[in-house]
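For reference, the chains in residue letters:
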Amino acid sequence: MIFYGVDGDPDWNNRQTRFLKPLYTGEKLKIKFRISEKRELNEEFGLIAVDFDGINQEDKTVVVSKRNLYRMKR
């Protein structure tokens, strides 16, 4: 259970991730992404925040994550 929860951990740039149920080797995981925020940093770069939900092969939500920040070149 390596990443059981990394809720706001400064070493992980304050990402909010939580595994809700076990996920085992060999299981399939379907990920649904959503851009929850975007803003311009300057003329060259912007910032997006991505949320995602991970659903296992039994259609149960296994992992949720909020506000994963990515700097993107425009």
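In this text, all values refer to a predicted model and were calculated from it rather than measured experimentally.

Parameters and conventions
- Residues numbered from 1 in each chain as written.
- Predicted model: local features only at pLDDT ≥ 70, side-chain atom pairs only at ≥ 80, totals over all residues.
- Heavy atoms only, no water.
- pLDDT = per-residue confidence, 0-100.
- Helix = DSSP H or I, 4+ residues; strand = E, 2+ residues; numbered from the N terminus.
- Salt bridge = Lys/Arg side-chain N within 4 Å of Asp/Glu carboxyl O.
- Buried < 20%, exposed > 50% of the residue type's maximum accessible area, 1.4 Å probe, protein only.
- Pairing = 2+ DSSP bridges.

The subject of this paragraph is the confidence of the model for the protein chain. As a note on interpretation, predicted positions should not be read in detail where pLDDT is low. Residue-level pLDDT values for the protein chain average 83, and 80% of them are 70 or greater. Within the protein chain, no element has a lower average pLDDT than strand β1 (residues 5-7), which sits at 54, and none a higher one than strand β3 (residues 29-40), at 93.

Here we take up the pattern of salt bridges. Once their charged atoms are close, side chains differing in charge can pair, the charge on each being opposite to the other. Applying the stated criterion to the full structure yields 5 salt bridges. Close ionic contact of arginine 39 with glutamate 37 constitutes a salt bridge, the shortest N to O distance being 3.8 Å. Judged by relative accessible area, arginine 39 falls into the partly exposed class, the value being 42%. In this structure glutamate 37 comes out as partly exposed when scored by relative accessible area, which is 30%. The partner of glutamate 44 in a salt bridge is lysine 73, with the nearest N and O atoms 3.4 Å apart. Remark: lysine 73 occurs in strand β5 (residues 61-73) and glutamate 44 occurs in the loop between β3 and β4 (45-56); sequence separation between them is 29 residues. Note on glutamate 44: relative accessible area 40%, which makes it partly exposed. Relative accessible area serves as the criterion here: at 61%, lysine 73 is assigned to the exposed category. In the salt-bridge network here, residues are joined through shared partners; they are Glu37, Arg39 and Arg67.

We now examine the pairing of β4. In terms of burial, β4 is largely enclosed, as 10 of its 12 residues are buried. Looking at chain direction, β3 and β4 are connected through 11 bridges and run antiparallel. Within β4, the position partnered with phenylalanine 33 by the bridge is phenylalanine 52. Hairpin geometry of β3 and β4 is characterised by an intervening segment of 4 residues between the two adjacent antiparallel strands. Here β4 runs beside β5; their pairing, made up of 10 bridges, is antiparallel. Each bridged residue has a counterpart across the sheet, and for aspartate 53 the counterpart in β5 is valine 64. Between the antiparallel neighbours β4 and β5 lie 4 residues, among them aspartate 59 with a positive phi of about 60°.

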